[in-house]
Amino acid sequence: MDYMLLPLKRYADFSGRSRRKEYWMFFLGYMLAAILLGIVGVILGGFPNGQASGGASIMMILLGLLVLLLIIPSLAVQVRRFHDQDKSGWFVLLNFVPYVGGIIVLVFMCLEGTRGENRFGPDPKQTAADVGDIFS
């Protein structure tokens, strides 16, 4: 649960590095929240007989607010994932390439980060014990 909330604690922090676990747990939390809001919308009477109703409007408003609330931490954690691979945060703009951009970013989000320190900071996987072993 800590990994789901860590990007919210680092809301607009575009510096440093983030582990794959942090990115994917945040993504899982985001999807669970969207599904939960969708269920609430259906319970409130959204889409009876295949047509939009007041419940659907509420659901769309809630989903829109969720997206607006989480767009900055989503971008920040994605930039930090690129930093973990020693790539510029500007790689986020690949999302705007039609058809293949999202697939390319998905592949990058699945790749392991560089081991050890890179130009964006220390390895987020390294623990204090590992640091002690390196210097001994």
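Read on for a plain summary of the structure. As the structure is a prediction and not an experimental result, all values here were calculated from the model.

Let's shift gears to the packing of helix H1 (residues 2-9) against helix H2 (residues 20-43). Relative orientation of the contacting elements H1 and H2 amounts to 90°, with a least axis distance of 7 Å. Compared by their axis directions, H1 and H2 come out roughly perpendicular. Mapping the contact onto sequence places Tyr3, Met4, Leu6, Pro7 and Leu8 in H1 and Lys21, Glu22, Met25, Phe26, Leu28 and Gly29 in H2. Per-class residue counts for the contact of H1 with H2 are eight nonpolar, one polar and two charged.

One pass over the structure, following the stated rule, counts six aromatic pairs. Between Phe26 and Tyr30, the ring centres sit 6.3 Å apart and the planes meet at 90°, which makes this aromatic pair edge-to-face. You can see Phe26 and its partner Tyr30 sitting in helix H2, four residues apart, about one turn around the helix. Summarising the burial analysis for this pair, Phe26 and Tyr30 share the class buried. When the centroid spacing of 5.8 Å and the interplanar angle of 85° are considered together, the rings of Phe91 and Phe108 count as edge-to-face. Of this pair, Phe91 sits in the loop between helix H3 (54-84) and helix H4 (101-110) while Phe108 sits in helix H4, and the two are 17 residues apart along the sequence. Judged by its relative accessible area of 17%, Phe108 is buried. An aromatic cluster of three or more residues is present, and its members are Tyr23, Trp24 and Phe27.

The rules behind these values
- Residues numbered from 1 in each chain as written.
- Predicted model: local features only at pLDDT ≥ 70, side-chain atom pairs only at ≥ 80, totals over all residues.
- Heavy atoms only, no water.
- Axes fitted to C-alpha atoms, helices over the stretch in contact; angles between N-to-C directions.
- Helix = DSSP H or I, 4+ residues; strand = E, 2+ residues; numbered from the N terminus.
- Parallel < 35°, antiparallel > 145°, perpendicular 65-115°, else oblique.
- Contact = heavy atoms within 4.5 Å.
- Nonpolar A, V, L, I, M, F, W, Y, C, P; charged D, E, K, R; others polar.
- Phe/Tyr/Trp six-rings, centres within 6.5 Å; stacked < 30°, edge-to-face > 60°.
- Buried < 20%, exposed > 50% of the residue type's maximum accessible area, 1.4 Å probe, protein only.

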